[in-house]
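# Architecture at a glance
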Amino acid sequence: MCEDGIVATTDFVAVIDGSTSKAARQMRPDMRNGRHAMMLVGESLSQMPADVTMEECCHLVTTAIMEAYHQYGVEKARLVDHPEERLTASAAIFSRHHGEVWLVGDCQCLVDGVYYDNPKPEEGHIAQERSEIIRSMLAHGETDVASLQRHDKGRDLIVQKIVRTCHDQNKSFAVFDGFCVATEKVKVVRIPSSCEVVLATDGYPFLLPTLHDSEEALAHQLSADPLCIHHYLATKGLMEGQVSFDDRAYVRFRVIR
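As a starting point, this report considers the structure included with it. (Residues numbered from 1 in each chain as written. Predicted model: local features only at pLDDT ≥ 70, side-chain atom pairs only at ≥ 80, totals over all residues. Heavy atoms only, no water.)

Within a sheet, adjacent strands bond to each other through the backbone by hydrogen bonds, running parallel or antiparallel. Pairing in this open sheet of five strands is antiparallel, and the strands run β1-β2-β3-β4-β7 from one edge to the other. In this open sheet, the two strands that pair with only one neighbour each are β1 (4-8) and β7 (187-190). When the angles between neighbouring strand axes are averaged without regard to direction, this sheet yields 10 degrees. As judged from the five bridges shared by strand β3 (residues 89-95) and strand β4 (residues 100-104), these two strands associate in the antiparallel manner. Residue pairing across strands places Ala92 opposite Leu103, the latter belonging to β4. Relative to strand β2 (residues 12-18), helix α1 (residues 33-46) is tilted by about 165 degrees, and along the sheet it contacts β1, β2 and β3. (Pairing = 2+ DSSP bridges. Helix = DSSP H or I, 4+ residues; strand = E, 2+ residues; numbered from the N terminus. Axes fitted to C-alpha atoms, helices over the stretch in contact; angles between N-to-C directions. Contact = heavy atoms within 4.5 Å.)

Structure (structure tokens):
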């Protein structure tokens, strides 16, 4: 089930990326933690006053996620020690009142074709390591692409590094996870009075001004480099039975004020 989502109200437009779960434990038995986090963020945004600041928005979402922890009887101390078990999401949020886009975590946007993102500090290095591991395996005949699409041995070898980066949440990068958002790590993009805006999650490796072109670029990537180890480096690739290497959400709109 998709862990990314879109919210559009009179006052806000957002894409939300629920983080892929890195732990077996789920808050709800019927829903993965990433989707649960995405839905909580979306519900919070749909109820917010139009004039909330970025800091107030982060506080309201944080409160909603923390209330979910209390509802499911999860102790805060456990989540301090095991941040990989938190309900975690990133988002790109447009505030009509403030004329701003808030990049909380590693979502992305285009403003009249100018690109903005807010990547996690270590993710690029970990993706590079996975790429080198898999390319070495392939070069030495230890496996093949089809086998890796059934079982990503490269990801197996870097997943603990990904888990360790969870301890940097709301320290070296911002996310929604029920703990105080590191608002100094939120990228704020000022939006001109008349322009076209695209918001997208990082399931689009090449963000372009139209959905058609972004989907076409994604399709080319998946065809040419399904493991995401050459042209675009990621911490996971296209697995057997899936349609892409990651969930994705894309919304385009025009701002007229």
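And the narrative resumes.
Here we take up helix α2 (residues 54-71). With 18 residues, α2 should reach 26 Å at 1.5 Å per residue; the first-to-last C-alpha distance of 26 Å fits that figure. Buried within α2 we find Met54, Cys57, Cys58, Val61, Thr62, Ala64, Ile65, Met66, Ala68 and Tyr69. Those residues of α2 that are buried are in contact with α1, α3 (76-81), β3, β4 and β7. Immediately beyond the C-terminal end of α2, within one or two residues, lies Gly73, with a positive phi of roughly 70 degrees. (Expected span 1.5 Å × (residues − 1). Buried < 20%, exposed > 50% of the residue type's maximum accessible area, 1.4 Å probe, protein only.)

Strand order across the open sheet formed by four strands is β6-β5-β8-β9, with antiparallel pairing between neighbours. Edge positions in the open sheet fall to β6 (114-117) and β9 (250-256), since each of these has one partner strand only. When strand polarity is set aside, the average angle formed by the axes of neighbouring strands in this sheet is 20 degrees. Strand direction decides the pairing type here: strand β8 (residues 194-200) and β9, joined by seven bridges, are antiparallel. When the sheet's bridge partners are listed, Leu199 is paired in β9 with Val251.

Right, let's talk about the packing of α1 against α2 for a bit. It is at 9 Å that the axes of α1 and α2 come closest, and there the two elements cross at 130 degrees. The pairing of α1 with α2 is recorded here as oblique in orientation. Considering only the axes of α1 and α2, their crossing is right-handed. Mapping the contact onto sequence places Leu40, Val41, Ser44 and Leu45 in α1 and Cys57, Leu60, Val61, Ala64, Ile65 and Ala68 in α2. (Parallel < 35°, antiparallel > 145°, perpendicular 65-115°, else oblique. Left-handed = near helix turned anticlockwise from the far one by under 90°.)

Moving on to the pattern of salt bridges. Once their charged atoms are close, side chains differing in charge can pair, the charge on each being opposite to the other. Going through the model one piece at a time under the given rule, you end up with 12 salt bridges. Here Glu129 makes a salt bridge to Lys161, at a shortest N to O gap of 2.6 Å. With Glu129 in helix α4 (residues 123-139) and Lys161 in helix α6 (residues 153-165), this residue pair connects regions lying 32 residues apart in the sequence. Here Glu129 falls in the partly exposed class, since its relative accessible area comes to 24%. Judged by its relative accessible area of 31%, Lys161 is partly exposed. Arg150 is paired through a salt bridge with Glu240; the nearest N and O atoms lie 3.9 Å apart. Here Arg150, found in helix α5 (residues 145-150), pairs with Glu240, found in the loop between α7 (211-224) and β9; they are 90 residues apart in sequence, far enough to count as distant. The exposure class of Glu240 is exposed, given its relative accessible area of 55%. (Salt bridge = Lys/Arg side-chain N within 4 Å of Asp/Glu carboxyl O.)

Let's shift gears to the packing of α4 against α6. Where α4 meets α6, the closest approach of the two axes is 9 Å, and the angle between their N-to-C directions is 165 degrees. As the angle between them shows, α4 and α6 are arranged roughly antiparallel. As for how α4 packs across α6, the hand of that crossing is right-handed. Residues Ile126, Glu129, Arg130, Ile133, Ile134 and Met137 of α4 lie in contact with α6, whose contacting residues are Lys153, Gly154, Arg155, Leu157, Ile158, Lys161, Ile162 and Thr165.

In this section: the nonpolar core. With 33 residues, the main nonpolar core has Leu45, Tyr69, Ile93 and Phe176 as its most contacted residues. Elements represented by at least two residues in this core include exactly β2, α1, α2, β3 and β4. For this core, the leading source of residues is α2, giving eight residues. Filtering out sequence-adjacent residues up to four positions away, Tyr69 remains in contact with Met27, Val74, Leu79, Arg86, Leu87, Asp177, Gly178 and Phe179. (Core = buried A, V, L, I, M, F, W, Y, C linked by side-chain atoms within 4.5 Å.)

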